[in-house]
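Spelled out from the first residue to the last, the chains are:
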Amino acid sequence: MSDNTVTDLADLGALAGGAPAIADADAAAPVAPVRTGPAAVLREQEIDAQGRAYATGRRKDAVARVWIKPGSGKITVNGRDQDVYFARPTLRLVINQPFQVADRLEQYDVVCTVRGCGLSGQAGAVKHGISQALTKFEPLLRAAVKAAGFLTRDPRVVERKKYGRAKARRSFQFSKR
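Thresholds applied
- Residues numbered from 1 in each chain as written.
- Predicted model: local features only at pLDDT ≥ 70, side-chain atom pairs only at ≥ 80, totals over all residues.
- Heavy atoms only, no water.
- Helix = DSSP H or I, 4+ residues; strand = E, 2+ residues; numbered from the N terminus.
- Contact = heavy atoms within 4.5 Å.
- Areas by Shrake-Rupley, 256 points an atom, 1.4 Å probe, with all protein chains shown as cover.
- Phe/Tyr/Trp six-rings, centres within 6.5 Å; stacked < 30°, edge-to-face > 60°.
- Buried < 20%, exposed > 50% of the residue type's maximum accessible area, 1.4 Å probe, protein only.
- Pairing = 2+ DSSP bridges.
- Core = buried A, V, L, I, M, F, W, Y, C linked by side-chain atoms within 4.5 Å.
- Axes fitted to C-alpha atoms, helices over the stretch in contact; angles between N-to-C directions.
- Parallel < 35°, antiparallel > 145°, perpendicular 65-115°, else oblique.
- Left-handed = near helix turned anticlockwise from the far one by under 90°.
- Nonpolar A, V, L, I, M, F, W, Y, C, P; charged D, E, K, R; others polar.

Chemist: Can you help me understand the overall build of the protein chain in this one?
Modeler: When you go through the protein chain residue by residue, the secondary structure sums to six helices and five strands. Within the protein chain, counting contacts between residues at least 6 apart in sequence, those at least 24 apart form 66% of the total. For the protein chain, the accessible surface area stands at approximately 12,500 Å², while carbon and sulfur atoms represent 54% of it.

Chemist: Hey, could you run me through the packing of aromatic side chains in this one?
Modeler: The description of two aromatic rings rests on the distance between their centres and on the angle between their planes. The tally for this structure, following the rule as stated, stands at four aromatic pairs. Ring geometry for Y54 and W67: centres 5.0 Å apart, planes at 45°, overall tilted. Of this pair, Y54 sits in strand β1 (residues 53-59) while W67 is found in strand β2 (residues 62-70), placing the two residues 13 residues apart along the sequence. Exposure remark for Y54: the relative accessible area of 33% places this residue in the partly exposed category. Considering the side-chain rings of Y108 and F137, the 5.3 Å spacing of their centres and the 80° angle between planes classify their relative orientation as edge-to-face.

Chemist: Honestly, the pairing of β1 in this entry has me stumped. Any pointers?
Modeler: Remark: a regular strand shows side chains that alternate across the two faces of the sheet. Every second residue of β1 is oriented toward a common face, the buried set being A53, A55, G57 and R59 and the non-buried set Y54, T56 and R58. Note: β1 against β2, seven bridges, orientation antiparallel. Bridged to T56 within β2 is R65. Here β1 folds back onto β2 in antiparallel fashion, the turn holding two residues, of which K60 has a positive phi close to 55°.

Chemist: Just checking my understanding: could you explain the environment of A148 for this structure?
Modeler: Tracing the backbone shows A148 in the segment after α6 (142-147). Relative accessible area serves as the criterion here: at 37%, A148 is assigned to the partly exposed category. Along the chain, A148 and Q97 lie 51 residues apart, while their C-alpha atoms are 9.4 Å from each other.

Chemist: How should the nonpolar core be read in this particular structure?
Modeler: Nonpolar side chains tend to gather and get buried jointly when the protein is soluble and globular. Of all hydrophobic cores here, the largest spans 29 residues; its most connected members are I68, F86 and V126. Among the elements of the structure, β1, β2, β3 (75-77), α4 (89-102), β5 (108-115) and α5 (119-137) are those that each provide at least two residues to this core. For this core, the element with the most residues is α5, which contributes seven residues. In contact with V126, other than residues within four places in its own chain, are A64, V66, F86, I95, C112 and V114.

Chemist: Could you clarify how one ought to interpret the pairing of β2 in this entry?
Modeler: Bridge analysis of β2 against β5 gives eight bridges, and the strand direction is antiparallel. Note that in β5 the partner of K69 across the bridge is D109.

Chemist: Would you mind showing me how to read the sheet that holds β2 here?
Modeler: Sheets are built from strands that pair by backbone hydrogen bonding, the pairs being arranged parallel or antiparallel. The strand order across the open sheet built from five strands is β1-β2-β5-β3-β4, with neighbouring strands paired in mixed fashion. Only two strands of the sheet have a single partner each, and these edge strands are β1 and β4 (80-81). Relative to β5, β3 runs parallel, the two being bridged by three bridges. Opposite V77, over in β5, you have C112 as the bridge partner. This element, α5, spans β1, β2 and β5 of the sheet and lies at about 150° to β1.

Chemist: Looking at this model, I keep getting lost on the packing of α4 against α5. Mind explaining?
Modeler: Remark: α4 packs on α5, axes separated minimally by 8 Å, with the N-to-C direction vectors making an angle of 15°. For the element pair α4 / α5, the angle class is roughly parallel. The hand of the α4/α5 crossing is right-handed. The residues of α5 that touch α4, namely those facing L91, V94, I95, Q97, P98, F99 and A102, are L119, S120, A123, G124, V126, K127, I130, S131 and L134. Its residues assigned to classes, the contact of α4 with α5 comprises 11 nonpolar, four polar and one charged.

Take a look at the structure:
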């Protein structure tokens, strides 16, 4: 192997009539950037006449209709404050996750109606709806919210009960005598 340096190789290229030497590279015209993949598609902002973004969120059997607009961070669920409707702090944490990921805590007011399932499923549906509405209001936040996995509907649902069984998989208690 030879003990050539990078500058020696650049000088050889200049002597051969190839690329200019490293000293001449600074004086050369700027090179246009090369695109390797498709350009990122920026979605349009979807806002209604009142300045709100609307989305539907789903989880288990719960369906949440969510409207967000800029405000003080007040979240209203079925006409009640979130502290009253979702009394458990863990459920309120679930609802606020999209805002934490997007770094938008207490910047949007949320009004939502939710039906079906229990409180845990309803909180998941509201979280999904807030994530969808947030990306419709600010399309630039889509990458962060999608990376956290909040835009994907959770497909897990309750398994149905089968005949000859007590529940979906639980059998009746065996009696020896």
